[in-house]
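These are the residues of each chain, in order.
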Amino acid sequence: MKTLKEITDNLKCAVDRYESLPLDDVKELSEILRVLDVNLSWLVFVRDEYYRSFQSVYFNSKSKSEAGKQKESEMRVPELDLVRKILKHFGDTQSSVRSQISLRKRND
């Protein structure tokens, strides 16, 4: 399994490639899409690990209130929120790359 750091590094590299790429390069766009797809798939497994950690902190919390348990869990497992944000952002990027590929294929 890949680590959160490895995954985010791979995703950043894909975005760097995408940023400087001529949009008519369907082959390169497809390779970038594959990097996004694979790493977002790995990220789902990483998210599951952080979610289990979050739940463990939540249920073992000494706080009397739900809000206190939630806050403690968020403080002790901040990676879960980061993973959610990464999934959303790079999921949107993935859709954008797919759209670019579709546009190029239609124009050929």
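The coordinates are above.
Note that this is a predicted model, so its numbers are computed, not measured.

Caption draft 1: How the structure looks around the overall build of the protein chain. Across its full length, the protein chain holds 4 helices and 0 strands. Starting at the N terminus and ending at the C terminus, the protein chain contains elements arranged as α-α-α-α. A compact globule built from 108 residues would reach a C-alpha radius of gyration of about 13 Å, whereas the protein chain, at 18 Å, exceeds it by more than 25%. For the C-alpha atoms alone, the extent of the protein chain along its principal axes is close to 65 × 25 × 20 Å. Out of the 108 residues in the protein chain, the part that is buried amounts to 31%. In the protein chain, of all internal contacts separated by at least 6 residues, the share reaching a separation of at least 24 is 71%.

Caption draft 2: Representation of the packing of aromatic side chains within the structure. By the definition in use, this model includes 2 aromatic pairs. Stacked on the ring of Tyr-58, the Lys or Arg Lys-69 has its end atom at 5.9 Å from the ring centre.

Caption draft 3: Fine view of the pattern of salt bridges. By the definition in use, this model includes 9 salt bridges. The residue Glu-31 makes a salt bridge to Lys-27 at a minimum N-O spacing of 2.9 Å. Here Lys-27 and Glu-31 lie together in helix H2 (residues 26-60), a separation of 4 residues that amounts to about one turn. Owing to a relative accessible area of 60%, Lys-27 belongs among the exposed residues under this scheme. Here the residues in one salt-bridge network are Arg-17, Lys-27, Glu-28 and Glu-31, joined through shared partners.

Caption draft 4: Up close: the side chain of Gln-94. Within the fold, Gln-94 resides in helix H4 (residues 79-107). Discounting chain neighbours no more than four positions away, the residues touching Gln-94 are Leu-33, Leu-36, Asp-37 and Leu-40.

Caption draft 5: Fine view of the nonpolar core. In this structure, Leu-11, Ile-32, Leu-36, Leu-43 and Val-97 are the most contacted members of the largest nonpolar core, which totals 19 residues. Going through the elements one at a time, helix H1 (4-19), H2 and H4 are the ones with two or more residues in this core. Once residues lying within four places of it in the same chain are set aside, the contact partners of Val-97 are Tyr-18, Leu-29, Ile-32, Leu-33 and Leu-36.

Caption draft 6: View of the environment of Met-1. Mapped onto the secondary structure, Met-1 falls in the segment before H1. Sequence spacing of Met-1 and Glu-79 is 78 residues, and the spatial spacing of their C-alpha atoms is 17 Å.

Caption draft 7: Region of the structure containing the packing of H2 against helix H3 (residues 66-76). At their nearest, the axes of H2 and H3 sit 8 Å apart, and the two run at 140 degrees to each other. With respect to H3, the axis of H2 lies oblique. Between H2 and H3 lies a crossing whose hand is right-handed. Here H2 contributes Phe-54, Val-57 and Tyr-58 to the contact with H3, which in turn contributes Glu-66, Lys-69, Gln-70, Glu-72, Ser-73, Glu-74 and Arg-76. Looking at the contact of H2 with H3 residue by residue, the class counts come to 3 nonpolar, 2 polar and 5 charged.

What counts, and at which threshold
Numbers given to residues run from 1 along each chain, matching the order in which its sequence is written. Selection of residues for local features in this predicted model requires a pLDDT of at least 70, selection of side-chain atom pairs for listing and counting requires 80 or more, and totals for whole chains, interfaces and linings are taken over all residues. With hydrogens and water set aside, each side-chain value is computed from the structure's full complement of heavy atoms. Helix and strand definitions follow DSSP, with helices as H or I runs of at least four residues and strands as E runs of at least two, each counted in order from the N terminus. Our radius of gyration is a C-alpha quantity, and the globule rule it is checked against amounts to 2.2 Å times the number of residues to the power 0.38. For the exposure calls, accessible area comes from a 1.4 Å probe over protein chains only, and a residue counts as buried if that area is under 20% of its type's maximum, exposed if over 50%, partly exposed in between. Any two residues whose heavy atoms approach within 4.5 Å at even a single point are treated as in contact. The rule is short: rings of Phe, Tyr and Trp, with Trp giving its six-membered ring, pair when the centres are within 6.5 Å, and they are stacked under 30 degrees, edge-to-face over 60, tilted in between. By definition, being over a ring means that NZ of Lys or CZ of Arg is both within 6 Å of the ring centre and within 35 degrees of the ring normal. Salt-bridge detection follows one rule: a side-chain nitrogen of Lys or Arg within 4 Å of a carboxyl oxygen of Asp or Glu. We define a nonpolar core as any set of buried Ala, Val, Leu, Ile, Met, Phe, Trp, Tyr and Cys residues linked to one another through side-chain atoms lying within 4.5 Å. Note on geometry: axes are lines fitted to C-alpha atoms, helical ones only across the stretch in contact, with angles between N-to-C directions running from 0 to 180 degrees. Convention used here: angles under 35 degrees read as roughly parallel, angles over 145 as roughly antiparallel, angles from 65 to 115 as roughly perpendicular, and any remaining angle as oblique. Left-handed describes a crossing in which the near helix is turned anticlockwise from the far one by less than a right angle; the clockwise case is right-handed. All residues other than Ala, Val, Leu, Ile, Met, Phe, Trp, Tyr, Cys, Pro, Asp, Glu, Lys and Arg, Gly among them, are scored as polar; the first ten of these are nonpolar and the last four charged.

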